[in-house]
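# Descriptive analysis of the structure
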Amino acid sequence: METIGIDRQIEVLRQEHRDLDLAIEAMTETPTADQLALARLKKRKLRLRDEIAQLEDQLIPDIIA
C-alpha cells in the first residue's frame, strides 16, 4: 500500500530533521561556527519541514464540500 511508503518517508525525513537540530545546536555552541554552513543547515531543515508537510497532506484524504 502506498501509505506505508509515505509513512516510512515521513519517518526518515523527521529523523534527518532531528539530526539537523542537533548539528545546528552543536554549531551554535561553538564560538567560531561557520555562519555559512549554519545557514545552509537551517535552510535544509526548513526544506525538510516543507517536504514532511507535503507528504502528510498526501495521507489526508480530500474532503469534497
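What comes next concerns the included structure. Quick caveat: nothing in here was measured; it's all calculated off a predicted structure.

### Here's the deal with the overall build of the protein
Counting its secondary structure elements, the protein contains 2 helices and 0 strands. Relative to the 2.2 N^0.38 estimate, which gives 11 Å for 65 residues, the radius of gyration of the protein is 16 Å and therefore markedly larger than a compact globule would have. Each principal axis of the C-alpha distribution contributes one length, and for the protein these read about 55 × 25 × 15 Å. By the burial criterion, 18% of the 65 residues in the protein qualify as buried. Once local pairs closer than 6 in sequence are excluded, the contacts in the protein between residues at least 24 apart make up 65%. Just so you have it, the protein exposes about 5300 Å², and 56% of that area is on carbon and sulfur atoms. Side-chain charges of the protein comprise 10 positive and 14 negative groups, with the mean position of each set lying 6 Å from the other.

### Some words on the pattern of salt bridges
Inspection of the entire model under this criterion finds 5 salt bridges. Ionic pairing is found between Arg 14 and Glu 56, a salt bridge with its closest N-O pair at 2.2 Å. One end of the pair, Arg 14, is in helix 1 (residues 2-28); the other, Glu 56, is in helix 2 (residues 35-59), with 42 residues separating them in the sequence. Take Glu 56: its relative accessible area is 28%, and that puts it in the partly exposed class. In this structure, Glu 51 engages Arg 44 in a salt bridge whose closest nitrogen and oxygen atoms are separated by 3.5 Å. Several salt bridges share partner residues, and in doing so they unite Glu 16, Arg 44 and Glu 51 into one network.

### Regarding the nonpolar core
Formed by Ile 6, Ile 10, Leu 13, Leu 20, Leu 48, Ile 52 and Leu 55, the largest nonpolar core amounts to 7 residues. Residue assignment for this core shows that the elements contributing at least two residues are helix 1 and helix 2. Sort the elements by how many residues they give to this core and helix 1 lands first, with 4 residues. Beyond its immediate stretch of four places on either side in the chain, Ile 52 contacts Ile 10, Leu 13 and Arg 14.

### Comments concerning helix 2
Along its 25 residues, helix 2 runs 37 Å from first to last C-alpha, staying within 8% of the 36 Å computed at 1.5 Å per residue. Buried within helix 2 we find Leu 38, Leu 48, Ile 52 and Leu 55. A distance of 3.1 Å separates the backbone nitrogen of Leu 36 from a side-chain oxygen at the start of helix 2, and that oxygen is part of Asp 34.

Calculation rules
- Residues numbered from 1 in each chain as written.
- Predicted model: local features only at pLDDT ≥ 70, side-chain atom pairs only at ≥ 80, totals over all residues.
- Heavy atoms only, no water.
- Helix = DSSP H or I, 4+ residues; strand = E, 2+ residues; numbered from the N terminus.
- Rg over C-alpha atoms; globule rule 2.2 N^0.38 Å.
- Buried < 20%, exposed > 50% of the residue type's maximum accessible area, 1.4 Å probe, protein only.
- Contact = heavy atoms within 4.5 Å.
- Areas by Shrake-Rupley, 256 points an atom, 1.4 Å probe, with all protein chains shown as cover.
- Lys, Arg positive; Asp, Glu negative; His and termini not counted.
- Charge placed at Lys NZ, Arg CZ, Asp CG, Glu CD.
- Salt bridge = Lys/Arg side-chain N within 4 Å of Asp/Glu carboxyl O.
- Core = buried A, V, L, I, M, F, W, Y, C linked by side-chain atoms within 4.5 Å.
- Expected span 1.5 Å × (residues − 1).
- Polar contact = N/O pair within 3.5 Å; in protein donor to acceptor, adjacent residues only side chain to side chain.

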